[in-house]
Amino acid sequence: MTDDRTATGDLDGGAQFADGTWSDETDWEIGEFDDESGDEGAVALPTLAVVGRPNVGKSTLVNRIIGRREAVVQDVPGVTRDRVSYEGNWNGRRFMVQDTGGWEPDAKGLQQSVARQAEHAMQTADAILVVVDAVVGATATDEAVARVLRRSKAPVLLAANKVDDERGEAEAASLWSLGLGEPYPVSAVHGRGTGDLLDKVLEALPEAPREGTAAAGPRRVALVGKPNVGKSSLLNKLAGDERSVVHNVAGTTVDPVDSIVELGGRPWRFVDTAGLRRKVSHASGAEFYASLRTRGALEAAEVAILLIDASEPITEQDLRVLSMVADAGRALVLAFNKWDLVDEDRRYQLEREIDRDLERVPWAQRVNISAHTGRAVQKLVPALDTALESWDKRISTGRLNTWLKEVVAATPPPMRGGRLPRILFATQAGTRPPTFVLFTTGFLEAGYRRFLERRLREEFGFDGSPVRISVRVREKRDRRKR
Ligand code: GDP
Ligand code: GDP
């Protein structure tokens, strides 16, 4: 069972997913049903961010943690290596590993660039693993990172890497000086000590992503959309004449990747606006890097504003970005930009395209704007608020099951294989996005699952947010018992 958060392919192509929000788990083992610690297919996973200066062995360690050789991302001059996440699994617990990437050729300095990664990790990760080269010892850059991380609310663990044998352990101990607690000696290359480190990591990592990441500051917005839809124009419009863009986050001196923009009287953090401004040319692989940027921004954000050029037909590229938002499980506002170019005929056409192409997100709110004239851009604020409220919403188990009972009594699921699947119980396993688990005695057909989602939305709202529902089938266990 893969976590749909990490599925990067085209969701519509996956037979298992009705609409990108469903997953099935039919392989129940005896006893698992009662075991609360059993893994939750659709539940958002906590994130471990791996930070540190270049060459300390971050990628090697990430590869060892995820057990694959994937974290190596091609370095292309002029293109930033973005943050990439992978799924890791240790002793049956699943989590995301975020490789914070490497150098920035246009960064003002290595120290700033690495400190910035650490800042970002503090805002988005649930635990942070900082990697230091124990052979080299603590450098000025390591110390700069440590200074940032000592303020972290998320737990921080220190890996003293390249301790390939016992002799290195003393060198590792000298890293206590960084003030980040006990340095764990490891050898990413040989695997020495990495198991113990992972035990510690999992002790520190919460079961689910931190709820409080929003409390840590302004809500985080990603501006996404294919090239030339007007992302930079919108950011500039929202930011006015740049004066409302606060480039320095209070209390830090790091070079920001994000912009704080005041909208509706409150600050909002537009994530990775540095990446937005750094236009990737039409060189080979440009689209790949644009999509990496989008993925990175979505990962850091809570809500996405997906810009669509209303003056032109909706394209495959728009839908690809939409898929990325859905995969990331972020709240969503659809902004139809360039409305100043839309006439009566085009408006009619657009409605038909929306019906045809955007049917997978009927819950998304739509705002028609013009980044050029400023038309209706302030309407983005209530739309963002609604979407985030839905994204954070939690329905109590009692309310949920009262509702479910009524719905199922009125409209039972269709028979399968001569049997009527019973829906036993539902629970909201998580928020951000709202994630529900249905426990059933049999497979629920896609049509019925969509029906349930529709009714769930009618009853409880969730405008602007995806909702995930996974079905857990108890069939096997019952059969074995008999
Ligand atoms: P990153 O830039 O921090 O991602 O570092 P890499 O993972 O690319 O590693 C940088 C270099 O250090 C590579 O040549 C690795 O082979 C080497 N390296 C990484 N981990 C270890 C280790 O545990 N022991 C030794 N001896 N070398 C290592
Ligand atoms: P990005 O690649 O998504 O950041 O797009 P840009 O902000 O660079 O905009 C691409 C082009 O579309 C520029 O020539 C903008 O002036 C133009 N543009 C952006 N928004 C609007 C709009 O609302 N109306 C019109 N007419 N043009 C726009």
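Since the structure is predicted, the reported quantities are computational estimates derived from the model, not experimental observations.

A. Up close: the sheet that holds strand E8 (residues 219-224). Across the sheet, six strands lie side by side as E9-E10-E8-E11-E12-E13; this open sheet has mixed pairing. Strand pairing shows two members of the sheet lacking a second neighbour, strand E9 (259-263) and strand E13 (365-368), which therefore form its edges. Sheet twist, expressed as the average angle between the axes of neighbouring strands with direction ignored, equals 30 degrees. Note that E9 and strand E10 (residues 266-270) share five bridges and pair antiparallel. From the neighbouring strand, Val261 faces E10, where its bridge partner is Trp268.

B. Focus on the packing of aromatic side chains. All chains considered together, the criterion is met by four aromatic pairs. Here the aromatic rings of Tyr448 and Phe451 are separated by 5.4 Å at their centres, their planes lie at 40 degrees, and the arrangement is tilted. Here Tyr448 pairs with Phe451, and both are found in helix H13 (residues 446-460), just three residues apart, close to one helical turn. The aromatic ring of Phe462 is capped on one face by Lys393, whose charged end is 5.2 Å from the ring centroid.

C. Region of the structure containing helix H12 (residues 397-410). Compared with an ideal rise of 1.5 Å per residue, which puts 14 residues at 20 Å, H12 spans 20 Å between its outermost C-alpha atoms and is within 8% of the ideal. Listing the buried residues of H12 in full gives Leu400, Asn401, Trp403, Leu404, Val407 and Val408. The buried residues of H12 all sit within an arc of 165 degrees when viewed along its axis, so they share a single face. Seen from the open side of H12, the exposed residues pointing more than 90 degrees away from its buried face are Lys405, Glu406, Ala409 and Ala410. Buried residues along H12 sit against strand E14 (423-430), strand E15 (435-440) and H13.

D. Structural view of the pairing of E9. Most of E9 is tucked away, with four of its five residues classed as buried. Following E9, the chain reverses through two residues before pairing antiparallel with E10; Gly264 in that reversal takes a positive phi of roughly 55 degrees.

E. Inspection of the nonpolar core at higher detail. Ranked by internal contacts, the top residues of the largest apolar core, which has 30 residues, are Leu223, Leu234, Leu238, Trp268, Phe270, Ile305 and Leu380. Of all the elements in the fold, those that place two or more residues in this core are E8, helix H6 (231-238), E9, E10, strand E11 (303-309), strand E12 (331-337) and helix H11 (380-392). Ranked by the residues each element gives to this core, the list is headed by H11, at seven residues. Here Leu223 is in contact with Lys231, Leu234, Leu235, Phe270, Leu276, Arg293, Ile305 and Leu307, once residues within four sequence places are set aside. Of all hydrophobic cores here, the second largest spans 28 residues; its members include Ala297, Ala301, Val321 and Leu332.

F. Summary view of helix H5 (residues 194-204). Among the residues of H5, those classed as buried are Thr194, Leu197, Leu198, Val201 and Leu202. The arc enclosing the buried residues of H5, seen along the axis, measures out at 135 degrees, which places them on a common side. In H5, the exposed positions that point more than 90 degrees away from the buried face belong to Asp196 and Glu203.

G. Up close: the environment of Arg416. Here Arg416 is to be found in the loop between H12 and E14. Given the relative accessible area of 38%, Arg416 is considered partly exposed.

H. How the structure looks around the pairing of strand E4 (residues 93-99). Burial of E4 is extensive: six of the seven residues sit out of reach of the surface. Where strand E2 (residues 47-51) lies against E4, four bridges are found, and the strand directions are parallel. From the neighbouring strand, Leu48 faces E4, where its bridge partner is Val97.

I. Just the pattern of salt bridges, in detail. Under the counting rule described, the total for this entry stands at 19 salt bridges. Between Asp392 and Arg432 there is a salt bridge, with the nearest N and O atoms lying 2.8 Å from each other. Here Asp392, found in helix H11, pairs with Arg432, found in the loop between E14 and E15; they are 40 residues apart in sequence, far enough to count as distant. Accessibility expressed as a relative area gives 27% for Asp392, which makes it partly exposed. We classify Arg432 as buried; its relative accessible area is 12%. Salt bridges linked by common partners bring Arg219, Glu302, Asp392 and Arg432 together as one network.

J. Quick look at the environment of Gly442. Of note, Gly442 is situated in the loop between E15 and H13. Here Gly442 falls in the buried class, since its relative accessible area comes to 6%. Setting aside anything within four residues of it in sequence, one finds Gly442 in contact with Pro421 and Val473.

K. Looking closely at the confidence of the model for the protein chain. Mean pLDDT over the protein chain: 79, with 77% of residues reaching 70 or higher. For the stretch residues 1-42, pLDDT sits under 50, and the model shows 102 contacts to residues farther than four places along the chain or on other chains. Below a pLDDT of 50 lies the segment residues 212-216, which in the model reaches six contacts outside its immediate sequence neighbourhood of four places, other chains included.

So, how was this worked out
Residues numbered from 1 in each chain as written. Chains lettered and ligands numbered in written order. Predicted model: local features only at pLDDT ≥ 70, side-chain atom pairs only at ≥ 80, totals over all residues. Heavy atoms only, no water. Pairing = 2+ DSSP bridges. Helix = DSSP H or I, 4+ residues; strand = E, 2+ residues; numbered from the N terminus. Axes fitted to C-alpha atoms, helices over the stretch in contact; angles between N-to-C directions. Phe/Tyr/Trp six-rings, centres within 6.5 Å; stacked < 30°, edge-to-face > 60°. Lys NZ or Arg CZ within 6 Å of the ring centre and 35° of its normal. Expected span 1.5 Å × (residues − 1). Buried < 20%, exposed > 50% of the residue type's maximum accessible area, 1.4 Å probe, protein only. Arc of directions from axis to C-beta. Contact = heavy atoms within 4.5 Å. Core = buried A, V, L, I, M, F, W, Y, C linked by side-chain atoms within 4.5 Å. Salt bridge = Lys/Arg side-chain N within 4 Å of Asp/Glu carboxyl O. pLDDT = per-residue confidence, 0-100.

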